[in-house]
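# Close look at the chain arrangement
Read off the chains here:
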Amino acid sequence: MRSIVMKRRAAALLGAGVLALAACGSGVDGGASDGGGDGTGATEAPSSDRTEVGALSPRIVLAHEGGVVTLDSADGSVLNETPVEGYVRLNPAGDGRHVAVSASDAVTMYDTGLLAQGHGDHFHYYVQDPALTDFSVEAPMPGHVVPHGDRTAIFADGSGEITLFDPTALGEGKLDVLEETATEDPHHGVAVPLSDGGLLTTQGTEDERSTVQVLDADGKVVAETDDCPGVHGEAAAKPTESGDVISLGCENGSVIYRDGEFHKVAIDGDYQRSGNQKGHEDSPIVLADHKVEAEPAGGIERPTEIALIDTRDATQQLIDLGSPYWFRSLDRGPDGEALVLTYDGELNILDPESGEILHEVPVTGEWEEGENWQEAGPMLSVADGTAFVVDPEAKKLSMVDVASGEVYRELDLPVVPHEIQVTTGTASGEYEVSPGASESKGEEGHEGHDHADEGHDHGASDAGGAEEGHEGHDH
């Protein structure tokens, strides 16, 4: 086994011009690093720019042809429009406040302007104008951005470079790059920070990739498998006593890293791809797509079955939903519910353990995946008990209470979006009413929320998949 040496460096700060912005009102004071101090070259936004509020309304960030727009979830009002050149992708940065914007060979942090600050036995809440910051990381062909534990990893497909940073420092006005490393060759890969200070990463080339490695905190390879052809997509499940549990998609059945070893999921036949996966930190079950055609007619397979992968014993349960879906159709609810948006316009909400369909919620018109994965299509983002479902063709967004299946609010959209992230101001994606309070259904969680316009509204920051980060894509 090989060892990969990691090294610490100062933050890579690029001007916002790297995204060729036509306009930007920055919420932080950015500047070039002079190599001294902490190397950030930026400071936190002055408190005078903020307004204290009694509660936070989630903010909806949409990527569209031409840039990024942010909406207030309470009424759909436009809070910010930022032009960005090139095809824009969105990922959670890991702190519940910032969104990682990928475009033009860089990943730049976008501040959605929601702040929840603990103060003794309670929180204070603040809002400020959303803005694209000057915090950028060079990333040729930027790929997966994966927050997990207390770090976030950026993978650059064009160079194989991996950049790990501390997401909590963003709220302090810093881009704190902790480590950088690289795979042996550039490829469409992924890296997942591990809670023990290690790193899970893929190895491969532009032509093929089948290797997954786990590195310890010193960069030494401590676990490895070569039995994951076409490796793509990742999801973190409920950890065991010995540490993290990570599932990855392959073309011969998924592979699971658990208890320091890799475990292969058995499949029927020679080909099965689950390259788009969603996990939940409290569930041992991973939701994944289920494709069985190595060479689908027309180049696009339209599966109707999804896989519920049990990371405890490396088995999977297949559920036929009766209608196809695509890679932007998958997410998880606050209690680990499996959510799948299908061509028939329904949001299917499933119990991940039994596979029982709990709710079938009409949310869009009938639709079909386009020929190019970059095209806009129905999609969703989930956290804090709400599924935010986008129907780009109708330019509508529906908010669905996951527990009841109730559509409680609809918004008109000012753009035709192709990606969505929703922030709540907390890393968990759950609304917090006091430091350390329960953030799940029950004590301070989902059941206590009101769907009324005043006070707190249900929101999302892809928390169920936040630690899993980038959904993955078939292209």
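Remember, predicted model here, so these are calculated numbers, not experimental data.

Tallying secondary structure elements over the protein gives one helix and 35 strands in all. Classification of the 475 residues of the protein by burial places 60% in the buried group. Taking the contacts inside the protein whose residues are at least 6 apart along the sequence as the reference set, 56% of them involve residues at least 24 apart. Accessible area of the protein: about 17400 Å², with a carbon and sulfur share of 43%.

A word on unusual backbone geometry. Peptide bonds are, in most cases, trans, and in most cases residues other than glycine have a negative phi. With a phi close to 50°, M141 is a non-glycine residue in the positive phi region. By the element assignment, M141 lies in the loop between β10 (131-138) and β11 (142-148). For M141, a relative accessible area of 53% gives the class exposed. With a phi close to 55°, K395 is a non-glycine residue in the positive phi region. Secondary-structure assignment places K395 in the loop between β32 (386-391) and β33 (396-401). Judged by its relative accessible area of 32%, K395 is partly exposed.

For the rest of this paragraph, the subject is the sheet that holds strand β30 (residues 357-362). With respect to topology, four strands assemble into an open sheet ordered β27-β28-β29-β30, the strand pairing being antiparallel. Of all the strands in the sheet, the pair left with one neighbour each is β27 (330-332) and β30. Mean inter-strand twist for the sheet, computed between neighbouring axes without regard to direction, equals 20°.

Let us look at the sheet that holds strand β4 (residues 78-83). Taken in spatial order, the four strands of this open sheet run β4-β3-β2-β35, and their pairing is antiparallel. Taken across any chain shown, the strands that pair with only one partner, and hence form the sheet edges, are β4 and β35 (417-423). Along the sheet, successive strands turn relative to each other by an average axial angle of 15°, direction set aside. Across five bridges, the pairing between strand β3 (residues 67-72) and β4 is antiparallel. By the bridge assignment, G67 is partnered in β4 with P83.

Residues at a pLDDT of 70 or more form 80% of the protein, whose mean pLDDT is 85. Counting interchain partners and residues more than four positions distant, the pLDDT-below-50 stretch residues 1-47 has 120 contacts. Counting contacts from residues 436-475, a segment whose pLDDT is below 50, to residues more than four positions away or on other chains yields 153 contacts.

Turning our attention to the pattern of salt bridges. Tallied over the entire structure, the rule returns ten salt bridges. With its nearest N and O atoms 3.2 Å apart, the salt bridge here joins R328 to E419. Here R328, found in the loop between β26 (315-320) and β27, pairs with E419, found in strand β35; they are 91 residues apart in sequence, far enough to count as distant. Salt bridges linked by common partners bring R89, R328 and E419 together as one network.

What follows concerns the pairing of strand β22 (residues 261-264). As paired strands, strand β21 (residues 255-258) and β22 are joined by four bridges and run antiparallel to one another. Among the inter-strand pairings, I256 is bridged to a residue of β22, identified as H263. Turn length for the β21-β22 hairpin, with the two strands adjacent in sequence and antiparallel, is two residues, and the turn residue D259 shows positive phi of about 55°.

Per the counting criterion, the structure on display carries seven aromatic pairs. Here a set of aromatic residues connected by ring pairs shows up, and it is made of Y87, W326, F327, Y343, W367 and W373.

Turning next to the pairing of strand β13 (residues 161-166). Most of β13 is tucked away: five of the six residues are buried. With antiparallel pairing between neighbouring strands as the criterion, strand β12 (residues 151-156) and β13 make up a hairpin whose turn holds four residues, including G160 at a positive phi of roughly 80°. Direction of pairing for β13 relative to strand β14 (residues 176-182): antiparallel, over a ladder of six bridges. Residue I162 lies in a different strand from β14, and its bridge partner there is T181.

In total, this model carries one disulfide according to the counting rule given. Linked covalently through their sulfurs, C228 and C250 form a disulfide whose S-S length is 1.9 Å. Between C228 and C250, the S-S dihedral sits near -95°, and the bridge is therefore left-handed. Pair noted here: C228 is in the loop between β18 (221-225) and β19 (232-240) and C250 is in the loop between β20 (243-249) and β21, with a separation of 22 residues, a long-range link.

What follows covers the side chain of R59. Tracing the sequence through the fold places R59 in strand β2 (residues 59-64). A polar contact of 2.7 Å, which involves the side chain of R59, links it to the backbone oxygen of T112. Looking at R59, its side chain comes within polar contact range of the main-chain oxygen of Q128, at 2.7 Å. Contact partners of R59, with chain neighbours within four places excluded, come to T70, L71, L79, T112, G113, L114, V127, Q128, P130, Q421, V422 and T423.

Take the side chain of R50 next. With respect to the secondary-structure elements, R50 resides in the segment before β1 (51-53). Residue classification places R50 among the buried positions, given a relative accessible area of 14%.

This part covers the environment of T311. Its location among the elements puts T311 in the loop between β25 (305-310) and β26. Each C-alpha atom, one on T311 and one on R258, is 7.8 Å from the other, the two residues being 53 residues apart in sequence. Not counting the four nearest positions on each side in its chain, T311 is found in contact with A237, V245, I256, R258, P284 and V286.

What counts and what doesn't
- Residues numbered from 1 in each chain as written.
- Predicted model: local features only at pLDDT ≥ 70, side-chain atom pairs only at ≥ 80, totals over all residues.
- Heavy atoms only, no water.
- Helix = DSSP H or I, 4+ residues; strand = E, 2+ residues; numbered from the N terminus.
- Buried < 20%, exposed > 50% of the residue type's maximum accessible area, 1.4 Å probe, protein only.
- Contact = heavy atoms within 4.5 Å.
- Areas by Shrake-Rupley, 256 points an atom, 1.4 Å probe, with all protein chains shown as cover.
- Pairing = 2+ DSSP bridges.
- Axes fitted to C-alpha atoms, helices over the stretch in contact; angles between N-to-C directions.
- pLDDT = per-residue confidence, 0-100.
- Salt bridge = Lys/Arg side-chain N within 4 Å of Asp/Glu carboxyl O.
- Phe/Tyr/Trp six-rings, centres within 6.5 Å; stacked < 30°, edge-to-face > 60°.
- Disulfide = S-S within 2.5 Å.
- Polar contact = N/O pair within 3.5 Å; in protein donor to acceptor, adjacent residues only side chain to side chain.

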